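Descriptive analysis of the structure
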Amino acid sequence: MEIVIVPDAAAQGELAAGAVADLLDRKPDALIGVATGSTPLPVYEALQRRRDRGLSLDRARICQLDEYVGLPVGHPESYREVVRREVLDRLGISDDRFMGPDGSAEDVVAACAAYEATLKNAGGVDFQLLGIGTDGHIGFNEPISSFASRTRVKTLTEQTRVDNARFFDSLDDVPQHVLTQGIGTIMEARHLVLLATGESKAEAVALAVEGPLAAIVPASVLQLHPHATVILDEAAASRLKLADYYRSTYRTKPSWQGI
Ligand code: PGA
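No experiment lies behind these values; they were computed from the predicted model shown.

1. Side note on the sheet that holds strand E8 (residues 177-180)
Taken together, the 3 strands give an open sheet; going across it, the order is E4-E8-E7, and neighbouring strands pair in antiparallel fashion. The two strands at the open ends of the sheet, each matched to only one other strand, are strand E4 (66-68) and strand E7 (152-155). Taken pair by pair, the neighbouring strands of this sheet meet at an average axis angle of 30 degrees, ignoring direction. As defined by bridge partners, E7 adjoins E8 across 4 bridges and the pair is classed as antiparallel. When the sheet's bridge partners are listed, Lys 154 is paired in E8 with Val 178.

Here it is as structure tokens:
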């Protein structure tokens, strides 16, 4: 795992956007997996600034990590709509270059299998942005999700519903169920970039990065990925035992030019 500690969310956004830009330079039709939530927003803002300065996203393809089950089509907090607002509209990416699981499908189990097939037919995910839950989840793979899991229906923990209640009128409005790429699905992306900011994520980050590989901390699976980068602000890095060591490798390792 590559651990990069940066001063703030803006620096985090610039670094991750730079990695996306480098990828698009090498592979203009790269499939970029985006994450929802607050943490990745500075990445999309930084990409928009790069686009204003000439970065071409004309062939870039975007895919979604997870989705609520049961929200009506077009609900502003459905992740399809969030991705449309925060990523597609901002970056001028048309619907035909966007793929996501259908949380409003009558048969959500079939929708999960269909999404797995869509990702496979698209050639797999090149770059996957990830947030981390305060409970250590990635995507909506809650604690004790199997490391081999594929896209499927999951039940949210109370903690995640409370964390996400800020996007809804009340806690009762937060769906109980979701579709999420499985951990096995996520692990097939060629480059994983996990972002975390703030003290509230510090414990989950420390467990994921320095703790044992454990299903109770789904993000710890990144320890097994051949190319995983974790970009943290100082607060999210505050419980890491080896933070100074990671800072020293960041300063000396030439590969950091493009994560
Ligand atoms: P957040 O969500 O970026 O809004 O903190 C992260 C997550 O739950 O994965």
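2. Notes on the site of the ligand
Surrounding the ligand, one finds Gly 37, Ser 38, Thr 39, Gly 131, Ile 132, Gly 133, His 137, Arg 166 and Lys 201. Side-chain polar atom of Thr 39 to an oxygen atom of the ligand: 2.4 Å apart, as the coordinates give it. His 137 is positioned with one of its side-chain polar atoms (N or O) 2.7 Å from an oxygen atom of the ligand. A majority-of-atoms criterion places the ligand in the largest pocket. Within the shell around the ligand, the residues separate by chemical class into 1 nonpolar, 6 polar and 2 charged.

3. Things to note about the packing of helix H1 (residues 9-26) against helix H2 (residues 41-52)
For the pair H1 and H2, interaxial distance at closest approach is 7 Å and the crossing angle is 55 degrees. Between H1 and H2, the crossing angle belongs to the class labelled oblique. Note on packing geometry: the crossing formed by H1 with H2 is right-handed. Residue-level contacts link Ala 9, Gly 13, Glu 14, Ala 16, Ala 17, Gly 18, Val 20 and Ala 21 of H1 to Pro 42, Val 43, Ala 46, Leu 47, Arg 49 and Arg 50 of H2. In terms of residue class, the contact of H1 with H2 is made up of 9 nonpolar, 2 polar and 3 charged.

4. A look at the packing of H2 against helix H3 (residues 79-91)
Axes are the key here: two packed helices are described by the angle between their axes and the distance separating the axes. Between H2 and H3, whose axes approach to 10 Å, the crossing angle comes to 10 degrees. For the element pair H2 / H3, the angle class is roughly parallel. Each of Leu 41, Tyr 44, Glu 45, Leu 47, Gln 48 and Arg 51 in H2 lies in contact with H3, whose residues at this interface are Glu 86, Val 87, Arg 90 and Leu 91. Across the contact of H2 with H3, the residue classes break down as 5 nonpolar, 1 polar and 4 charged.

5. Here's the deal with the layout of surface pockets
Of the voids in this model, the largest pocket is the one considered here, and its volume is about 490 Å³. Taken together, 25 residues form the lining of the largest pocket, with Gly 37, Ile 132, His 137, Asn 164 and Lys 201 sitting closest to its centre. No other element matches helix H5 (residues 158-164), which puts 3 residues into the lining of the largest pocket. Here the lining of the largest pocket is composed, by residue class, of 7 nonpolar, 13 polar and 5 charged.

The rules behind each value
- Residues numbered from 1 in each chain as written.
- Predicted model: local features only at pLDDT ≥ 70, side-chain atom pairs only at ≥ 80, totals over all residues.
- Heavy atoms only, no water.
- Pairing = 2+ DSSP bridges.
- Helix = DSSP H or I, 4+ residues; strand = E, 2+ residues; numbered from the N terminus.
- Axes fitted to C-alpha atoms, helices over the stretch in contact; angles between N-to-C directions.
- Near = heavy atom within 4 Å.
- Polar contact = N/O pair within 3.5 Å; in protein donor to acceptor, adjacent residues only side chain to side chain.
- 1 Å grid on protein atoms, 1.4 Å probe; cavity = no way out; pocket = protein on both sides within 12 Å on 5 of 7 lines; lining within 4 Å.
- Sits in = over half its atoms within 2 Å of the grid points.
- Nonpolar A, V, L, I, M, F, W, Y, C, P; charged D, E, K, R; others polar.
- Parallel < 35°, antiparallel > 145°, perpendicular 65-115°, else oblique.
- Left-handed = near helix turned anticlockwise from the far one by under 90°.
- Contact = heavy atoms within 4.5 Å.
- Points joined across faces, edges and corners; volume = space filled by probe spheres on them.

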